[in-house]
Amino acid sequence: MGSPVNGPALRVGVVGVGTISQQYFEHFPSLPELELTAVADLDVARAESVGAAQGVRGTSVDDLLAADDVDVVLNLTIPAAHAEIATRALAAGKHVYGEKPLALSTDQASPVLELASQAGLRVGSAPDTVLGTGIQTARAAIDDGLVGTPVGASVAWSAPGHELWHPAPAFYYQPGGGPLLDMGPYYLTSLVTFFGPVAQVSGSSTRSSRERTIATGPNAGTPIPVDIDTHVVAILEHESGVVSTVTVSFEVWATRSPLFEVHGTAGTLGVPDPNRFADPVSIATADDREWRELPIAAGYADAGRGYGLADMAHAIATDRPHRASGDLAFHVLEIMEAVQTASRDHVVVDVRSRPGRPQTVPLGARPGTW
C-alpha cells in the first residue's frame, strides 16, 4: 500500500476475525492511509489462517496489543468485549476504532473516552456507512433547504430475525444485540448527522414468546435463548426541535412501511438504507409531489467498511477531528440506553451528551483529503 500525502500509513492490527472482518479486508487495498500489519483472535489458529490469507501475521490478542508495529487497533470483537479491548489497546498506547456499539453501556464507554483523552489518543467507531454518498447526499439536501425546514423523521427497520441467515446468531439476542443495539446505530447516527444531538427520549419495547432456532450452517436447529427486547419503538426530541420516530424489530415477517423518511415544510426526503454506503436519495416537494431521484451531492464515492478508520487516520495526520468519532458513538449509545430506560420505567429520559455534527464529506473527497 502507498502512503497518504500527509504522512505514513497508520499501521492497523485487527482484533476479531469473524464475519465482518472480511468487509474491512476487502477495502484496505484501496485505502493508502491504512496498512494492515497483524490480526488476532481468541482462536489463534483462525487468526493465523486469516493472517496468511491477508499476507500478515496472525497472533494472539495479547501479542497484538503489545506489538510495536500496530498504531491502531481495529476492534471487531463481539459487543460484550468492545470496552475491554478498547481499554487494553489505549493502555498500550494505541488508537482504537471499533464496530458498533461503542460498549454495552455508557458506564462502560465513559472510562474508554476518558482514558483516550488523558493519553492523547483517538477513539473511532462504526458505523462509517453514513460517510458514503447515500447519507451524505441526504444531509446535503437537508442543509440546502430542499425540503424546507425539517419537522420530523421516521424510521421503520424490521426483519423476522438474524437467525434466518447468520450461522452463529446467538449474540444478537444477548445484551449488546437486539434490533436496537445492532441496527439502531445506523439510523441514530444518521439522524444526529442530519439534525444534531438528541435532548430527550421516550419509548416502549417488548419481545414475543416465539421460539427461535438457527436456520443455517452446522448449528442449524439449535435453540437460541432470547435475553433482549425484540421490538422497540422510540420518540427522539432533537435539540434543534426536530422529532424523530424510530421502530426497529426482529418480529416483522413483511412490511409496507417506508424505511427512512425526512419530512420538512417544503417536501419529503426518501433517505437510503444507512446500512449501505451508496443507495440513491429521492425527494417529493410541495410543488411536485412525484418522487424523483437526487444526483449525488456529497460523500465518499465507492466507499466501504474501513473508510471511517481511514478518515480517522488522515485526521490524526492533519490534527483535525475525525467524523466517525467516539463522542458521536457515545451519544448514540446514550440514546439507545435512554430508550431502554424509558421503556422499562415508562418515563421521558434526558440525554446529556452533546456532540457536534460531524463535518460534511464534500463531493469527490477521499479519506486522504479534506
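Remember, it's a predicted structure, so these values are computed and weren't measured experimentally.

**What to know about the overall build of the protein**
Of the regular secondary structure elements, the protein holds nine helices and 15 strands. The globule rule puts the C-alpha radius of gyration for 370 residues at 21 Å, and the 20 Å found for the protein is close to it. On the principal axes, the C-alpha backbone points of the protein span a range of 60 × 50 × 35 Å. For the protein, the proportion of its 370 residues judged to be buried stands at 55%. Here the analysis covers contacts within the protein between residues at least 6 apart in sequence; of these, 72% occur between residues at least 24 apart. Positive and negative charge centroids in the protein, built from 23 and 41 side chains respectively, lie 2 Å apart.

**Structural notes on the sheet that holds strand β14 (residues 292-293)**
The strand order across the open sheet built from nine strands is β14-β13-β12-β11-β7-β10-β9-β8-β15, with neighbouring strands paired in mixed fashion. Single-partner strands in this sheet number two, and they are β14 and β15 (349-350). Helix α9 (residues 326-345) contacts β8 (198-206), β9 (231-238) and β15 of the sheet and is inclined by roughly 50° relative to β8.

**As for the pattern of salt bridges**
Oppositely charged side chains may form a pair once their charged atoms are brought near each other. As enumerated under the stated definition, the model contains 17 salt bridges in all. Of the charged contacts in the structure, one is a salt bridge between arginine 207 and aspartate 229, with a shortest N-O distance of 3.0 Å. On the criterion of sequence distance, the pair formed by arginine 207 in the loop between β8 and β9 and aspartate 229 in the loop between β8 and β9 is long-range, its members being 22 residues apart. A residue is classified by how much of its surface remains accessible, and arginine 207, at 39% relative accessible area, is partly exposed. Put simply, aspartate 279 and arginine 276 hold a salt bridge, and the shortest N to O gap is 3.0 Å. Shared partners join several salt bridges into a network, and the residues in it are Glu163, Arg210, Arg212 and Glu251.

**Structural notes on a nonpolar patch on the surface**
On the surface, a cluster of nonpolar side chains totalling about 390 Å² of accessible area is made up of Leu164, Trp165 and Trp253. Inspection of the secondary structure puts tryptophan 253 in the loop between β10 (243-249) and β11 (260-264). The class of tryptophan 253 is exposed, set by a relative accessible area of 59%.

**Some points on the packing of aromatic side chains**
A full pass over the atoms with the stated rule returns nine aromatic pairs. Aromatic ring contacts, followed pair by pair, group Tyr187, Phe194, Phe195 and Phe260 into a single cluster.

**Brief notes about the sheet that holds strand β4 (residues 72-75)**
Spatially, β3-β2-β1-β4-β5-β6 is the arrangement adopted by the six strands of the open sheet, whose pairing is parallel. Strands with a single pairing partner mark the edges of an open sheet, and in this sheet they are β3 (57-59) and β6 (123-125). With strand direction ignored, the average angle separating the axes of adjacent strands in the sheet is 25°. Where helix α4 (residues 82-91) meets the sheet, its contacts fall on β1 (10-15), β4, β5 (95-98) and β6, and the angle it forms with β4 comes to roughly 175°.

**A look at α4**
Within the sequence span of α4, burial applies to His82, Ala83, Ile85, Ala86, Ala89 and Leu90. The buried residues of α4 occupy an angular sector of 165° when projected down its axis, which confines them to one face. Positive backbone phi, approximately 85°, marks glycine 93, located one or two places after α4.

**Quick look at the environment of valine 61**
Along the chain, the position of valine 61 falls in helix α3 (residues 61-66). What valine 61 contacts, discounting residues up to four positions off in sequence, is Val15, Ala40, Asp41, Leu42, Ile85 and Arg88.

**Remarks on the pairing of β10**
Here strand β7 (residues 150-158) runs beside β10; their pairing, made up of seven bridges, is parallel. Looking at β10, one finds that alanine 153 is bridged to serine 244. One ladder, built from seven bridges, connects β9 with β10; its direction is antiparallel. Within the sheet, the bridge partner assigned to alanine 234 lies in β10 and is valine 246. The antiparallel hairpin formed by β9 and β10 contains four residues in its connecting segment, where glycine 241 sits at a positive phi of about 105°.

**Points about the confidence of the model for the protein**
Per-chain confidence: the protein averages 96 in pLDDT, with 98% of residues scoring 70 or above. Low confidence marks residues 1-5, where pLDDT is under 50. Its contacts with residues over four positions away, or in another chain, come to 14 contacts.

**Side note on the pairing of strand β13 (residues 282-285)**
Judged from the four bridges that link them, strand β12 (residues 267-270) and β13 form a sheet pairing that is antiparallel. Of the residues in β13, the one forming a bridge with threonine 268 is alanine 284. By the bridge criterion, two bridges tie β13 to β14 in an arrangement that is antiparallel. Directly across from isoleucine 283, in β14, lies its bridge partner arginine 292. If you look at the hairpin formed by β13 and β14, you'll find six residues sitting between the two strands.

Conventions we followed
- Residues numbered from 1 in each chain as written.
- Predicted model: local features only at pLDDT ≥ 70, side-chain atom pairs only at ≥ 80, totals over all residues.
- Heavy atoms only, no water.
- Helix = DSSP H or I, 4+ residues; strand = E, 2+ residues; numbered from the N terminus.
- Rg over C-alpha atoms; globule rule 2.2 N^0.38 Å.
- Buried < 20%, exposed > 50% of the residue type's maximum accessible area, 1.4 Å probe, protein only.
- Contact = heavy atoms within 4.5 Å.
- Lys, Arg positive; Asp, Glu negative; His and termini not counted.
- Charge placed at Lys NZ, Arg CZ, Asp CG, Glu CD.
- Pairing = 2+ DSSP bridges.
- Axes fitted to C-alpha atoms, helices over the stretch in contact; angles between N-to-C directions.
- Salt bridge = Lys/Arg side-chain N within 4 Å of Asp/Glu carboxyl O.
- Patch = residues over 30% accessible without salt bridge, like charges linked within 9 Å, V, L, I, M, F, W, Y side chains within 5 Å.
- Areas by Shrake-Rupley, 256 points an atom, 1.4 Å probe, with all protein chains shown as cover.
- Phe/Tyr/Trp six-rings, centres within 6.5 Å; stacked < 30°, edge-to-face > 60°.
- Arc of directions from axis to C-beta.
- pLDDT = per-residue confidence, 0-100.

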